[in-house]
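Survey of secondary and tertiary structure
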Amino acid sequence: MKAPDDAEFTEFAATTIRRLRRTAYLMCGDWHRAEDAAQDALVKVYRRWHRIDRAQGLNGYAHQCLVTAVFDQSRKPWRRERLVDSDEQTHPDPVSAVDDRMLVVQALGALPPSQRACVVLRHYADLSLEQTADILGIGVGGVKSQTSRGLTRLRELLDQTERSAS
């Protein structure tokens, strides 16, 4: 890659990595996996940097790579293993137990991957129906239905959590 392209990519990566990481976290619920997915996405963007239409497709392509990375990670059996910190188990933090963000992340984790991806891309990443459809490789109608089902299920899960906390 030429020096100007390298500098341009470095600037893009620096401004985008946090947003990609947060989007990935909402899709997978694990900061370590989110970091890996964001880095994998940026590696893919770097490899195709000279072929990407920067005016229209740069963010869309980065999100497409991110979604693919998160889905690929979830298919790896070793990624499904979770280590539980014994200190965390015996001394739960009461502040984190009532943190609304954690409740939402947990509820997002209960959604099927396609619904989770649609909800996160549409309502967190603030992508249009068309952009989300392009990223996921499905039709606009599929995005609408998956988003609708995901939001309905998310409301149910959050209502259950609220009722059980009362």
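Residues numbered from 1 in each chain as written. Predicted model: local features only at pLDDT ≥ 70, side-chain atom pairs only at ≥ 80, totals over all residues. Heavy atoms only, no water.

As annotated in an unreviewed UniProt entry, the protein chain is SigE family RNA polymerase sigma factor from Kribbella speibonae.

A look at the overall build of the protein chain
Assigned secondary structure in the protein chain consists of 9 helices and 0 strands. When the helices and strands of the protein chain are listed from N to C terminus, the series reads α-α-α-α-α-α-α-α-α. Residues classed as buried in the protein chain amount to 34% of the 166 residues present. Long-range contacts, defined as pairs at least 24 residues apart, comprise 65% of the intrachain contacts of the protein chain with a sequence gap of at least 6. (Helix = DSSP H or I, 4+ residues; strand = E, 2+ residues; numbered from the N terminus. Buried < 20%, exposed > 50% of the residue type's maximum accessible area, 1.4 Å probe, protein only. Contact = heavy atoms within 4.5 Å.)

A short note on the packing of helix H3 (residues 58-75) against helix H7 (residues 113-124)
Running from N to C, H3 and H7 point in directions that differ by 150°, and their axes come no closer than 12 Å. With respect to each other, H3 and H7 are oriented roughly antiparallel. In the crossing of H3 with H7, the sense of the turn from one axis to the other is right-handed. On H7, the residues touching His-63, Val-67 and Phe-71 of H3 are Pro-113, Ser-114, Ala-117 and Leu-121. (Axes fitted to C-alpha atoms, helices over the stretch in contact; angles between N-to-C directions. Parallel < 35°, antiparallel > 145°, perpendicular 65-115°, else oblique. Left-handed = near helix turned anticlockwise from the far one by under 90°.)

Structural notes on the side chain of His-63
Inspection of the secondary structure assignment puts His-63 in helix H3. Residue class for His-63 comes out buried when judged on its relative accessible area of 4%. Contacts of His-63, omitting those with residues within four sequence positions, involve Leu-20, Thr-23, Leu-121, Ala-125, Leu-127 and Ile-135.

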